[in-house]
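A closer look at the structure
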Amino acid sequence: MNCPGTGSDQAGKSTACQGCPNQNVCATKPKGPDPDVGDITEKMSKIKHKLIILSGKGGVGKSTFTAHLAHGLSSDNDKQIGVLDVDICGPSLPKIFGVEGEQVHQSGSGWSPVYVDDNLSLMSVGFLLSKADEAVIWRGPKKNGMIKQFLRDVDWGEIDYLLIDTPPGTSDEHLSIAQYLKESDVDGAIVITTPQEVALLDVRKEITFCRKVDLPIIGVVENMSSFVCPKCKVSTQIFPASTGGGQKMAEDMNVPFLGSLPLDPRIGKCCDEGKSFLTEVPDSPATQAYKQIMSKIVEYCTKRNENRESDSGEMKTN
């Protein structure tokens with residue numbers, strides 16, 4: 001039997017929900033239209049492209065990928081980029097962007113994000129903590145409320161790309177994002193994996209989740225596909241792709257494969273220091289791989305925008 005969907009009256013109650021780890025979340029979630037969704041949709045309408053970075057597995061490099069995708073996109077000074085960190089319990093992006101300890105300011109138009117650069121801004125629960133090592137010990141409803149407040153109240157202005165970095169799994173945060181952005185015309189999800197089967201096992205679940213909540217999948221990125229020595233440039237496979245890796249999984253599940261990213265120890269160093277690896281080490285094979293993947297994502301968003309404008313023009317004509 002098929003999932004009835006998170007917005008259905010039968011969510012968490014139907015026979016198909018038996019055994020699902022999210023059954024209780026769906027069953028206890030308030031039914032009917034959420035009055036705040038309209039405010040969120042209006043806020044999101046000022047943002048041209050909305051991308052969600054996902055993975056069913058932790059430790060595969062979602063936040064690192066999100067940060068460097070943001071750095072790459074913001075290298076075009078004509079583009080405005082925003083990053084929203086909804087990893088409530090593990091907000092690492094302030095550290096990766098080098099803006100740890102910054103404060104969020106509130107104005108009449110909402111919360112102002114922290115600016116990493118003139119055309120790159122970030123919002124994270126990490127800015128709301130009194131200490132960097134303070135633990136966020138929240139149950140689902142409070143996490144959901146925080147995500148709703150971020151989506152509704154952050155004043156991004158008119159920006160070109162909003163990248164939403166999520167925690168691993170298919171639970172509260174993911175259901176909240178899918179519910180609150182349902183009417184906001186999200187461009188799609190970028191799914192991150194590593195080559196080994198223990199990661200692919202959970203990433204397949206994430207792809208299934210996207211399909212159940214009608215979230216388009218832009219493609220799969222295989223991170224840490226190999227280790228490239230910074231000195232001799234020899235490539236070594238650290239995580240064996242015993243079942244074919246991310247590319248084979250993407251083919252089997254009929255989703256696009258965006259590319260592979262090699263390991264480079266300087267990536268971790270740049271993240272610890274709050275620097276962009278793409279500008280610090282421009283000659284690395286990993287930098288070239290990031291740029292190739294980024295160009296595919298930009299091409300996808302551009303085509304989708306053209307199709308959207310074409311459909312809108314046809315509707316007006318009719």
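Going by what an unreviewed UniProt entry lists, the protein is known as Cytosolic Fe-S cluster assembly factor NUBP1 homolog and is assigned to Magallana gigas. Word for word, the UniProt comment on the protein under Sequence similarities (unreviewed entry) is "Belongs to the Mrp/NBP35 ATP-binding proteins family. NUBP1/NBP35 subfamily." Quoted verbatim from the Subunit (unreviewed entry) field of UniProt, the annotation for the protein is "Heterotetramer of 2 NUBP1 and 2 NUBP2 chains."

A word on the packing of helix α5 (residues 140-153) against helix α6 (residues 172-180). Relative orientation of the contacting elements α5 and α6 amounts to 40°, with a least axis distance of 9 Å. Between α5 and α6, the angle falls in the class oblique. Pair α5 / α6 crosses with right-handed handedness. In this structure, α5 uses G140, K143, N144, I147, K148 and L151 to contact α6, whose residues at the interface are D172, E173, S176, I177 and Y180. Classifying every residue of the contact of α5 with α6 by side-chain character gives four nonpolar, three polar and four charged.

Residues other than glycine seldom take positive phi values, yet M224 does so here, at roughly 55°. Take M224: it is sitting in strand β9 (residues 217-228). Residue M224 is classed as buried on the basis of its relative accessible area of 16%.

In this numbering, the UniProt entry assigns the feature "binding site: ATP" (unreviewed entry) to G56, K57, G58, G59, V60, G61, K62 and S63. Excluding its chain neighbours within four sequence positions, the residues that come into contact with G61 are I192, N223 and M224. Relative to the helices and strands, K62 is located in helix α3 (residues 62-74). If we ignore the near neighbours within four places in the chain, the residues touching K62 are I53, L54, S55, K57, D165, T166, P167, P168 and I192.

Basis of the calculations
- Residues numbered from 1 in each chain as written.
- Predicted model: local features only at pLDDT ≥ 70, side-chain atom pairs only at ≥ 80, totals over all residues.
- Heavy atoms only, no water.
- UniProt positions renumbered as here; feature names shortened; annotations may be inferred.
- Axes fitted to C-alpha atoms, helices over the stretch in contact; angles between N-to-C directions.
- Helix = DSSP H or I, 4+ residues; strand = E, 2+ residues; numbered from the N terminus.
- Parallel < 35°, antiparallel > 145°, perpendicular 65-115°, else oblique.
- Left-handed = near helix turned anticlockwise from the far one by under 90°.
- Contact = heavy atoms within 4.5 Å.
- Nonpolar A, V, L, I, M, F, W, Y, C, P; charged D, E, K, R; others polar.
- Buried < 20%, exposed > 50% of the residue type's maximum accessible area, 1.4 Å probe, protein only.

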